[in-house]
Amino acid sequence: MNLRRRQLNAWMLGAPLLPLPLRAATAPAAVAPAPAWPSQPLTVVVPFSPGGSVDVAARLVMPRLAERLGQPVVIENTVGASGTIAAQRVIKARPDGHTLLFGVASAVVIAPLVSPALHRYDGLRDLLPVAPVASSAFVLAARPGLPVADAAQLVQLARQQPGRLSLGTDGVGTGLHLTAELIQQMAGMALMHVPYKSGPQALAELAGGQIDLAVLPVALVQSFVREGKVKGLGVTSRQRIASLPQTPSLSETPALQALDVEAWQGLLLPARTDARIAERLAQDVAAVLAEPATALRLTEAGFKPMSMPQDRFIAYLEQERQWLEATVRKAGIRVD
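For clarity, every value in this text was computed on a predicted model and none was experimentally measured. (Residues numbered from 1 in each chain as written. Predicted model: local features only at pLDDT ≥ 70, side-chain atom pairs only at ≥ 80, totals over all residues. Heavy atoms only, no water.)

Student: How should helix H4 (residues 105-114) be read in this particular structure?
Tutor: Spacing of three or four residues puts side chains on the same side of an α-helix, whose turn is 3.6 residues. Within H4, 10 of the 10 residues are buried, which leaves it mostly tucked inside the rest of the structure. Three or more residues of H4 are buried, namely Ala105, Ser106, Ala107, Val108, Val109, Ile110, Ala111, Pro112, Leu113 and Val114. As for H4, its buried residues are in contact with helix H3 (84-91), strand E3 (99-103), strand E4 (127-142), helix H6 (175-187), strand E9 (262-270) and helix H11 (310-331). (Buried < 20%, exposed > 50% of the residue type's maximum accessible area, 1.4 Å probe, protein only. Helix = DSSP H or I, 4+ residues; strand = E, 2+ residues; numbered from the N terminus. Contact = heavy atoms within 4.5 Å.)

So this is what it looks like as structure tokens:
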């Protein structure tokens, strides 16, 4: 997830080397040969159910990665506990480069922040970030019969009825949940959180009128918005998105001017994996994302290709953890 950090952090957080003496020549240290990788099919563990937005992103990109690597890539959906079961499966996997996590913030960063007693791992220490694949905004959506036409009217209604309007997400302590909390904090709203087991379940309840609002991924909800099955009040990114051009950015609403949230999806390996495997994998992911056909498929599905070198991806996740920790603390989210 990416925030406009200057605005949000302010809002949320109130000698040259000397030459060595000459020495007698010695034999160079032995360098371990590069591992023969990949030597078997790869398993990519997706932490959410088939058909969800994370699964969609993985299935758009992994077939082309398999072609470049010359080995099959098998996607396995390991669902449960906000993605932490999948994360811990990969953490414990053999670090030979053949088991990967198609990770998101909720499994890698958020869960250990909100449930430190339950999830005793550090996603940035026990996993090795390799490469981002895509980013996507979320949509603040409303049931068809809710008497609001835009986010400004929602803010007004919610302030008049604190705690009365219900808002669904895909669970407690997920990226969607924290984004919903951030929206409420910024706009001065108090909504009743209804956690579901998955995004598709929350969307079905929203379209059926069982809940008033939901924060959901663009890839999941965009067809419902286009068909009028739910109202798209706004996207969480600073800019409007190509696949929902008529849906405004929530930052166009005065109470939410500083909002700019996007979620990342990316590949991570067990921490002790050979660095040369990670480097090769990062290069191949970048090459796949640079293909116009891949970029088009991601864009049409509501994603943006997200490519950066491995060291920048690691720094990006470290920065993300800082603002997420501040949001969790301010919202008082704790699950033990």
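Student: Got a minute to help me understand the pairing of strand E1 (residues 42-46) in this structure?
Tutor: Each regular strand shows side chains that alternate between the opposite faces of the sheet. Across the 5 residues of E1, 5 count as buried, placing the element largely inside the fold. Residues Leu42, Val44 and Val46 point to one face of E1 and Thr43 and Val45 to the other, with burial holding for every one of them. As paired elements, E1 and strand E2 (residues 73-77) share 5 bridges and run parallel to each other. By the bridge assignment for E2, Val45 is matched with Glu76. Handedness of the E1-helix H2 (residues 53-69)-E2 crossover: right-handed. Pairing between E1 and E3: 3 bridges, direction parallel. (Pairing = 2+ DSSP bridges. Right-handed = clockwise from strand over helix to strand, strands pointing away.)

Student: I would appreciate a short explanation of the nonpolar core in the present structure.
Tutor: Generally speaking, soluble globular proteins have nonpolar side chains that are buried together. Core analysis: the biggest nonpolar cluster contains 58 residues, and Leu154 and Trp264 have the highest contact counts within it. Of the residues forming this core, the biggest block, 8 residues, is contributed by H4. When sequence neighbours within four positions are dropped, the list of residues in contact with Leu154 reads Leu140, Leu146, Val148, Leu165, Met189, Leu213 and Leu233. Val54, Ala66, Ala134 and Phe303 belong to the second-largest nonpolar core, a separate cluster that totals 35 residues. (Core = buried A, V, L, I, M, F, W, Y, C linked by side-chain atoms within 4.5 Å.)

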